[in-house]
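# Secondary and tertiary structure notes
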Amino acid sequence: MMKSPWVFHVSAGSCNNCDIEILDCLCPRFDIERFGAVLVGSVRHADALLVTGAMNRKSAVRVKQLYEQAAKPCLVIAIGSCACGQNFFRDSYHTVQPLDELLPPGAVTAYIPGCPPKPEAMIAGVVKALAQLEKK
């Protein structure tokens, strides 16, 4: 996992700007796969969850289920201002608690703020999250 993290992308009601930037990380310009990071199709194979968007009523249940299904230890990385703290969706009628309150305490390993964050920031965030896991 330290040399080649497999990541699973979870879109929890986002506007898709962060999702586009995640896909930009996989394209030839940034090519995160050269570091060994691979986007996988099943949460059961993933070492890290990349979560984007503000938690709404339906997505909160799914995100919690996906976290429980993931193999442990599993990194949870909140990408974008909405996943980090709900941004301007805070106190909206359709949102529930933020990601770090939805999951068990300490489950969110890294926060990558921005609307949307740049691919360089995402790559740096994943590297820092892996470094935190290595210390544990």
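Residues numbered from 1 in each chain as written. Predicted model: local features only at pLDDT ≥ 70, side-chain atom pairs only at ≥ 80, totals over all residues. Heavy atoms only, no water.

## Some thoughts on the overall build of the chain
Of regular secondary structure, the chain possesses five helices and five strands. Relative to the compact-globule value of 14 Å for 136 residues, the chain shows a C-alpha radius of gyration of 14 Å, a close match. On the principal axes, the C-alpha backbone points of the chain span a range of 40 × 30 × 25 Å. When each of the 136 residues of the chain is scored for burial, the buried share is 47%. When contacts within the chain are restricted to residue pairs at least 6 apart in sequence, those whose partners lie at least 24 apart make up 83%. (Helix = DSSP H or I, 4+ residues; strand = E, 2+ residues; numbered from the N terminus. Rg over C-alpha atoms; globule rule 2.2 N^0.38 Å. Buried < 20%, exposed > 50% of the residue type's maximum accessible area, 1.4 Å probe, protein only. Contact = heavy atoms within 4.5 Å.)

## Thoughts on the packing of aromatic side chains
By the definition in use, this model includes zero aromatic pairs. A cation sits over an aromatic face here: K72 above Y67, 4.3 Å from the ring centre. (Phe/Tyr/Trp six-rings, centres within 6.5 Å; stacked < 30°, edge-to-face > 60°. Lys NZ or Arg CZ within 6 Å of the ring centre and 35° of its normal.)

## So, the sheet that holds strand β1 (residues 6-11)
Neighbouring strands of a sheet are bound in pairs by backbone hydrogen bonds; such pairs are parallel or else antiparallel. If you walk across this open sheet you meet the five strands as β2-β1-β3-β4-β5, and the pairing is parallel. With partners counted over all chains shown, the strands left at the sheet margins are β2 (38-39) and β5 (108-112), one partner each. With four bridges connecting them, strand β4 (residues 75-79) and β5 associate as parallel partners. Paired with I79 across the strands is I112, a residue of β5. Sheet strands in contact with helix α1 (residues 17-26) are β1, β2, β3 (48-52) and β4, and its direction is about 140° off that of β3. (Pairing = 2+ DSSP bridges. Axes fitted to C-alpha atoms, helices over the stretch in contact; angles between N-to-C directions.)

## Considerations on the packing of α1 against helix α5 (residues 119-135)
One way to put it is that α1 packs onto α5 with a least axis distance of 9 Å and a crossing angle of 75°. Classified by the interaxial angle, the pair formed by α1 and α5 is roughly perpendicular. Of the residues in α5, those in contact with C18, E21, I22, D24 and C25 of α1 are P119, M122 and I123. Along the lines of polarity and charge, the residues of the contact of α1 with α5 split into six nonpolar, no polar and two charged. (Parallel < 35°, antiparallel > 145°, perpendicular 65-115°, else oblique. Nonpolar A, V, L, I, M, F, W, Y, C, P; charged D, E, K, R; others polar.)

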